[in-house]
Amino acid sequence: MKREIPGHIRKAFKSVDQYLPVVDVIVELVDARMPNGSRLKDFVKRLGKTSVIALAKSDLADEGETRRWLARFKNEGQACVAVDCRNRSSVRNLSEMIRNAAFTLKPGQKAPLRKVRRVMIIGVPNVGKSTLINSLAGRSAARAANMPGVTRSIQWIKLPGELELLDLPGILDFALLRRGDILKLINTIPGRDTDTWSQSKTLCEILTFSGNQRVLPGYIEADCNFERFIADYARRMNFVARGNEPDIERAATDIIKRFQSGGFGRVTLEQAEHDFTGLFAETHDSAVENADDEN
Ligand SMILES: Nc1nc2c(ncn2[C@@H]2O[C@H](COP(=O)(O)OP(=O)(O)OP(=O)(O)O)[C@@H](O)[C@H]2O)c(=O)[nH]1
Ligand SMILES: [Mg+2]
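About the thresholds
- Residues numbered from 1 in each chain as written.
- Chains lettered and ligands numbered in written order.
- Predicted model: local features only at pLDDT ≥ 70, side-chain atom pairs only at ≥ 80, totals over all residues.
- Heavy atoms only, no water.
- Helix = DSSP H or I, 4+ residues; strand = E, 2+ residues; numbered from the N terminus.
- Rg over C-alpha atoms; globule rule 2.2 N^0.38 Å.
- Buried < 20%, exposed > 50% of the residue type's maximum accessible area, 1.4 Å probe, protein only.
- Contact = heavy atoms within 4.5 Å.
- Areas by Shrake-Rupley, 256 points an atom, 1.4 Å probe, with all protein chains shown as cover.
- Expected span 1.5 Å × (residues − 1).
- Arc of directions from axis to C-beta.
- Pairing = 2+ DSSP bridges.
- Right-handed = clockwise from strand over helix to strand, strands pointing away.
- Disulfide = S-S within 2.5 Å.
- Near = heavy atom within 4 Å.
- Polar contact = N/O pair within 3.5 Å; in protein donor to acceptor, adjacent residues only side chain to side chain.
- Nonpolar A, V, L, I, M, F, W, Y, C, P; charged D, E, K, R; others polar.
- Salt bridge = Lys/Arg side-chain N within 4 Å of Asp/Glu carboxyl O.

Draft legend 1. Geometry of the overall build of the chain. When its secondary structure is counted, the chain shows 11 helices and 6 strands. In summary, the chain has a C-alpha radius of gyration of 20 Å against a globular reference of 19 Å for 295 residues, a match within 12%. Based on the C-alpha atoms only, the size of the chain along its principal axes is roughly 75 × 40 × 35 Å. Residue burial in the chain is summarised as follows: out of 295 residues, 52% are buried. Within the chain, counting contacts between residues at least 6 apart in sequence, those at least 24 apart form 68% of the total. Put simply, the chain shows about 14,000 Å² of open surface, and 47% of that area lies on carbon and sulfur atoms.

Quick look at the structure:
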């Protein structure tokens, strides 16, 4: 059965159209662990505004890989910076960049009559938009939590120095939805408990593709064989199922939770110089259904 984009995401698209005429700058917030796969590139380009890319959750991503991503975006002529959205000092550079973009006029551009400049934060669900706004504002102004779909209403948040930020719900387009399973790995689309087996298998495959096998303890020792690795992991963690068998379902869930919270160290799933995550695309309809189910 074909379903549509969830209601609050449709509403976010409408709000972008509604507020765009009064917006001066767009902050494109992407996940540093998957900068391209979480980027709404075509969508933001179509809006035709000055934009700045911020790589959120860079505290969870590989530092070298983040440098390579920043170099790639700079090469494309994009202003960009890596941030930990939860940390006020980490977002200072971004704050500077936003001010520069908002208050510097391009050659031939007329200054707007209003003093205040307005900034729209655009990104996929759960990437850290509300957390970033709170750090930029220096106070808890927007509700944030670790699940997609937290922001449902639209609000302007005032910053000192004539800036206003718009907190929007997360946006997903069909190109990103098609990447279903890998977006669940970074918690953009909520995974179901019954999904964790296929998610952890995808995680192992991606880590193998990206040469990051060492990240998962025991994976190389299991010859990068997923089934063997999961069973060994369950045994090591003392996850026991009925009949004294290793509880491999619990192991799969544990691996996903641990990965998402940085428990295996800093890992980037998508390489700046060799992007292969498109290989993990799902069919359009099943991906849309997954996003819809939880919202
Ligand atoms: N480690 C880490 N966690 C972050 C970062 N930014 C946000 N988070 C966490 O990610 C979760 C989601 O943050 P939100 O700010 O609610 O994300 P959002 O993009 O507003 O989400 P929606 O409104 O649901 O689209 C929260 O648990 C945050 O604490 C970051 O840079 N690093
Ligand atoms: Mg939010």
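Draft legend 2. Structural context of helix α10 (residues 248-260). Its 13 residues give α10 an end-to-end C-alpha distance of 18 Å, which sits within 8% of 18 Å, the value for a rise of 1.5 Å per residue. Within the span of α10, buried status applies to Ala 251, Ala 252, Ile 255, Ile 256 and Phe 259. The buried residues of α10 all sit within an arc of 135° when viewed along its axis, so they share a single face. In the stretch just after α10, Gly 262 is the one whose phi turns positive, near 85°.

Draft legend 3. Representation of the pairing of strand β1 (residues 25-31) within the structure. Taken across its 7 residues, β1 has 7 buried, putting it largely inside the fold. Both faces of β1 are covered, namely the face carrying Val 25, Val 27, Leu 29 and Asp 31 and the face carrying Ile 26, Glu 28 and Val 30. As judged from the 7 bridges shared by β1 and strand β2 (residues 50-56), these two strands associate in the parallel manner. Across the sheet, residue Val 27 finds its bridge partner in β2, namely Val 52. Where the polypeptide runs from β1 across helix α2 (residues 41-47) and back to β2, its parallel neighbour, the crossover connection is right-handed. Inspection of the sheet shows β1 paired to strand β4 (residues 117-123) by 5 bridges, in the parallel sense. Counterpart to Glu 28 in the pairing with β4 is Ile 122.

Draft legend 4. Just the state of the cysteines, in detail. Summed over all chains, the structure comprises 0 disulfides. In this structure Cys 80 is a free cysteine whose sulfur lies 15 Å from that of Cys 85, the closest cysteine sulfur available. Left unpaired, Cys 204 is separated from the closest cysteine sulfur, that of Cys 224, by 8.4 Å. On the accessibility criterion, Cys 204 (1% relative accessible area) is buried.

Draft legend 5. Geometry of the site of ligand 1. Close contacts around ligand 1 come from 22 residues, with Asp 59, Cys 85, Lys 129, Thr 131 and Val 150 the closest. Here Asn 126 contributes a backbone N or O atom positioned 3.1 Å from an oxygen atom of ligand 1. Burial of ligand 1 by the protein amounts to 90% of the accessible area it has alone, namely 660 Å². Looking at side-chain class alone, the shell around ligand 1 contains 9 nonpolar, 8 polar and 5 charged residues.

Draft legend 6. Spatial organisation of the pattern of salt bridges. The final tally for this structure, using the stated rule, is 14 salt bridges. Between Arg 72 and Glu 76 there is a salt bridge whose closest N-O contact spans 3.6 Å. Salt-bridge contacts for Glu 162 lead to Lys 115; the nearest nitrogen and oxygen are separated by 3.9 Å. On the criterion of sequence distance, the pair formed by Glu 162 in the loop between β5 (155-159) and β6 (163-167) and Lys 115 in the loop between α4 (92-103) and β4 is long-range, its members being 47 residues apart. The exposure class of Glu 162 is partly exposed, given its relative accessible area of 36%.

Draft legend 7. Structural detail: the environment of Trp 197. Structurally, Trp 197 can be placed in helix α8 (residues 196-209). With 145 residues separating them in the primary sequence, Trp 197 and Val 52 have C-alpha atoms 37 Å apart. Among residues more than four places away in sequence, those in contact with Trp 197 are Phe 226, Glu 227, Ile 230, Ile 248, Glu 249 and Ala 252.

By themselves, these observations are geometric and do not establish any function.
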